[in-house]
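# Architecture at a glance
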Amino acid sequence: MAAYLTTDWTSAFLKKRILFSTAFLIRIVLVFYGVYQDKTMLVKYTDIDYHVFTDASRFITQGSSPYKRATYRYTPLLAWILIPNIYLTALFGKLLFVICDVISAYLMYSILHFRGMGSDKACRYCALWLLNPLPIAVSSRGNAESVLVVLVVATLYYMENRSLVKAAVCYGLSVHMKIYPVTYALPIALSLQTLKDPETEALGNKASSLLSKRIQKFFSRLLNRDLLVFAVIAGGTFFALSLIFYSMYGWEFLEHTYLYHLTRRDIRHNFSAYFYMLYLTAESEWSLALGLAAFLPQLLLLLLTSFAYYKDLAFCCFLHTAIFVSFNKVCTSQYFLWYLCLLPLVLPSLTLSLKQGLGLLFLWFAGQALWLAPAYYLEFEGQNTFLLIWLAGLFFLFINSLVLVRIISHYKQRSDLQKAKSG
């Protein structure tokens, strides 16, 4: 998969300064184009969530709760950050999201460069994010996903550099912003465990055959100073922010920021394979139980991937996020950004050919197209296509699973790749 990125067809354009400047300029142009489209066209460019963010910020400036704005289901921190939307310019949030988008790409570049990759090659991988229409559109339309992306990638960057305090702060902030990065806790903890001592292992090999001894050894390696520092600082960051906002906004903060997303049962059509079941059982007494049971496949798969791939934290987090999104009760297109932002860090470890990579990409887009067709007839033509949407969602889940299996089967640890290249 890495081979096709080493060609020279765009070597001049993909120089670091030109690439990042062009990507930033494209986003800025779209931000200002959005102002024009919003004023002159029936279909607005600005994401509806951006208006929700701005209204929540306005309530804060009036001394009220951001949760007075209906459908505001986010941390108050976001509304506080966007207060300049009220006092300076309504474009402040969009500009901030665009900057975060580009900074996250710079962090990807820094991780790849830290691993020993050359500047030009690292830029080619980062271009998959910087020139990708999806993150470009999402950030310039005013969606806040780029703030979360920069926190997640920053966590991986500081983990790569073993700056545990900074990594822990970024991680605590990311979990506060959105709940899904909490799934990274186990692979992070496993990656921080003390390395095995070969001499100690040899001496205790016979005794370690007992399950109790193995468990004891595992926890003795796991519970160390690095993990303690990371847990205290990350947990402290998360709970400090939570306590501050709970003291300010009470139960509605917990309900809208965290509990709503845990118990959410979205019966509107979306990519999730669970949507039709939740739609049919919306009024059932089993509705809540079924919604919670939907987490079980996620939990099992997340546990398996944590223990299998924690040594490559970026790859493990990519698998975690892709599994979480694919098997989630609610799945929309903006969720794809959560794992696409990690793809530039994963691709160098894959041995997929260009043909195989394009084939998987075609399958992924074809699955979305098959879902969008019946969704269009439901949304705009008013036809009852719920069953077709559900079947398309099941097929899309199959495609996502197939893509993940192919990625895993073509994955090689960086040490193995380096040995292959040197050989």
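Residues numbered from 1 in each chain as written. Predicted model: local features only at pLDDT ≥ 70, side-chain atom pairs only at ≥ 80, totals over all residues. Heavy atoms only, no water.

## Points about the overall build of the protein chain
Per the secondary structure count, the protein chain includes 23 helices and 0 strands. The buried share of the protein chain, taken over its 423 residues, is 49%. Restricting to contacts in the protein chain with at least 6 residues of sequence separation, those with at least 24 account for 73%. Entry remark: accessible area of the protein chain is about 21100 Å², with carbon and sulfur atoms responsible for 68%. (Helix = DSSP H or I, 4+ residues; strand = E, 2+ residues; numbered from the N terminus. Buried < 20%, exposed > 50% of the residue type's maximum accessible area, 1.4 Å probe, protein only. Contact = heavy atoms within 4.5 Å. Areas by Shrake-Rupley, 256 points an atom, 1.4 Å probe, with all protein chains shown as cover.)

## A closer look at the environment of Met-177
Secondary-structure assignment places Met-177 in helix α9 (residues 164-177). Along the sequence, Met-177 and Thr-75 sit 102 residues apart, while their C-alpha atoms lie 6.1 Å from each other. When neighbours within four sequence positions are excluded, Met-177 is seen to be in contact with Thr-75, Leu-77, Leu-78, Val-147, Leu-148 and Leu-151.

## Thoughts on a nonpolar patch on the surface
On the surface, Leu-296, Leu-299, Leu-303 and Phe-307 cluster together into a nonpolar patch covering about 390 Å² of accessible area. The residue Leu-296 is located in helix α17 (residues 295-309) in this model. (Patch = residues over 30% accessible without salt bridge, like charges linked within 9 Å, V, L, I, M, F, W, Y side chains within 5 Å. Salt bridge = Lys/Arg side-chain N within 4 Å of Asp/Glu carboxyl O.)

## So, the side chain of Thr-257
Looking at where Thr-257 falls in the secondary structure, it is placed in helix α14 (residues 251-263). A residue is classified by how much of its surface remains accessible, and Thr-257, at 6% relative accessible area, is buried. Here Tyr-74 takes part through its backbone oxygen, which lies 3.3 Å from a polar atom of the side chain of Thr-257. (Polar contact = N/O pair within 3.5 Å; in protein donor to acceptor, adjacent residues only side chain to side chain.)

## Side note on helix α21 (residues 354-379)
If you check α21, its first and last C-alpha atoms are 37 Å apart, about what 26 residues at 1.5 Å a residue would give, namely 38 Å. Listing the buried residues of α21 in full gives Gly-357, Leu-360, Trp-364, Gly-367, Gln-368, Trp-371, Pro-374, Ala-375 and Leu-378. Where α21 is buried, its residues contact α19 (337-340) and α22 (386-409). (Expected span 1.5 Å × (residues − 1).)

## Re the nonpolar core
Formed by 114 residues in total, the largest nonpolar core has its most connected members in Phe-53, Tyr-72, Leu-78, Phe-230, Phe-336 and Leu-342. Here this core gets 11 residues from one element, more than from any other, and that element is helix α18 (residues 313-326). The contacts of Leu-342, once residues within four sequence positions are left out, are Val-152, Val-153, Leu-156, Tyr-184, Ala-314, Cys-317, Phe-318 and Thr-321. (Core = buried A, V, L, I, M, F, W, Y, C linked by side-chain atoms within 4.5 Å.)

## Quick look at the packing of aromatic side chains
By the definition in use, this model includes 35 aromatic pairs. Pairing Tyr-376 with Tyr-377 gives two aromatic rings, centres 5.5 Å apart and planes at 80°, and the pair type is edge-to-face. You can call Tyr-377 partly exposed: its relative accessible area is 40%. A network of ring pairs unites the aromatic residues Tyr-50, Phe-53, Tyr-67, Tyr-72, Tyr-74, Phe-97, Phe-238, Phe-239, Phe-245, Tyr-249, Phe-253 and Tyr-258 as a single cluster. Taking NZ or CZ as reference, Lys-94 lies 5.6 Å from the ring centre of Tyr-50, over its face. (Phe/Tyr/Trp six-rings, centres within 6.5 Å; stacked < 30°, edge-to-face > 60°. Lys NZ or Arg CZ within 6 Å of the ring centre and 35° of its normal.)

## What about the pattern of salt bridges?
Enumeration according to the criterion identifies 8 salt bridges in this entry. With a shortest N-O distance of 3.2 Å, Arg-115 and Glu-160 are connected by a salt bridge. Linking Arg-115 in the loop between α5 (92-114) and α6 (119-130) with Glu-160 in helix α8 (residues 145-160), this pair joins segments that are 45 residues apart in sequence. On the basis of relative accessibility, which here comes to 18%, the residue Arg-115 falls in the buried class. We classify Glu-160 as partly exposed; its relative accessible area is 23%. Ionic pairing is found between Arg-162 and Asp-226, a salt bridge with its closest N-O pair at 3.5 Å. Taken together, the residues Arg-162 in the loop between α8 and α9 and Asp-226 in helix α13 (residues 225-249) connect sequence positions 64 residues apart. The partly exposed category is assigned to Arg-162, whose relative accessible area is 44%. For Asp-226, a relative accessible area of 26% puts it in the partly exposed group. One salt-bridge network, held together by shared partners, links Asp-55, Arg-58 and Arg-69.

Nothing here speaks to function; it is geometry throughout.
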